[in-house]
Amino acid sequence: AQSVTQLDSQVPVFEEAPVELRCNYSSSVSVYLFWYVQYPNQGLQLLLKYLSGSTLVKGINGFEAEFNKSQTSFHLRKPSVHISDTAEYFCAVSEKGSYIPTFGRGTSLIVHP
Amino acid sequence: KAGVTQTPRYLIKTRGQQVTLSCSPISGHRSVSWYQQTPGQGLQFLFEYFSETQRNKGNFPGRFSGRQFSNSRSEMNVSTLELGDSALYLCASTWDRGEVTEAFFGQGTRLTVV
């Protein structure tokens, strides 16, 4: 069975600074990887996904992530954050052949002015 | 194209009561999954329905049940509510033909048990 570890429960950062949210996964088979964002009192919205091909994936709102198979990581990055990026971010993994993603515990990104 | 719709958005119930939550998936999506989200446990998978059949099940007690109708709409029911059932319940639908894509989430139903 797959599992996901988000290494930081909370990441404070100043506006316009770069940020990296870390995600590691474990699985014995090939996987699909996702990052979702959740704003207060909302559902989850997909930021980006890795299915195959290029290991650098670009998503919405200026976010990108890099799939590193040897390190089983899928870290999320943004070069310059905005106040509006304050939200909860979830990394998820889905094994090929399964439609049920497993989610990490989430990382709360707090952007200070 | 309409997104995933969950009703109601907010609910307050008393311990011991039961509750039914509804989820309408995106048109054409046949797989509907339910998740419980709490501050302490994060997102936990409840169950998944596909073509009116429960295809996958998480590790929740039998008080949590669900069903799916022929139009893919799904309901989940929680009987004999406990204080610990207070949570945000999220529904997600998936296009499950061919290549896997992402799950699309509704805004959730915030259940408060008092």
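Located above this text is the structure these notes cover.
Our subject in this report is the structure included herewith. (Residues numbered from 1 in each chain as written. Chains lettered and ligands numbered in written order. Predicted model: local features only at pLDDT ≥ 70, side-chain atom pairs only at ≥ 80, totals over all residues. Heavy atoms only, no water.)

### As for the pattern of salt bridges
All names here are of chain A.
Part 1 of the reasoning: In this structure the tally under the stated criterion is ten salt bridges over all chains.
Part 2 of the reasoning: Glu64 is the partner of Lys58 in a salt bridge, and the nearest nitrogen-oxygen pair spans 2.8 Å.
Part 3 of the reasoning: Using a relative accessible area of 61% as the deciding quantity, one classes Lys58 as exposed.
Part 4 of the reasoning: Asp85 is paired through a salt bridge with Lys78; the nearest N and O atoms lie 2.8 Å apart. Across the pair, exposure class does not vary: Asp85 and Lys78 are buried alike.
Part 5 of the reasoning: When salt bridges that share partners are traced, they join Glu20, Glu66 and Arg77 into one network. (Salt bridge = Lys/Arg side-chain N within 4 Å of Asp/Glu carboxyl O. Buried < 20%, exposed > 50% of the residue type's maximum accessible area, 1.4 Å probe, protein only.)

### Observations regarding the state of the cysteines
Part 1 of the reasoning: All told, the structure shown has two disulfides over all chains when counted by the stated rule.
Part 2 of the reasoning: The side chain of A:Cys23 participates in a disulfide bridge whose partner is A:Cys91; the two sulfur atoms lie 1.9 Å from each other. Disulfide A:Cys23-A:Cys91: torsion about the S-S bond near -65°, hence left-handed. A residue pair is termed long-range when its members are at least 10 positions apart, and A:Cys23 in strand β4 (residues 23-26) and A:Cys91 in strand β10 (residues 87-95) qualify at 68 residues.
Part 3 of the reasoning: You can call A:Cys23 buried: its relative accessible area is 0%.
Part 4 of the reasoning: B:Cys23 shares a disulfide with B:Cys91; S-S distance 1.7 Å. Every disulfide takes its handedness from the sign of the S-S torsion; for B:Cys23 and B:Cys91 that torsion is -50°, giving left-handed. Here the residue B:Cys23 occupies a position in strand β3 (residues 19-24), and B:Cys91 occupies one in strand β9 (residues 87-94), the gap between them amounting to 68 residues. (Disulfide = S-S within 2.5 Å. Helix = DSSP H or I, 4+ residues; strand = E, 2+ residues; numbered from the N terminus.)

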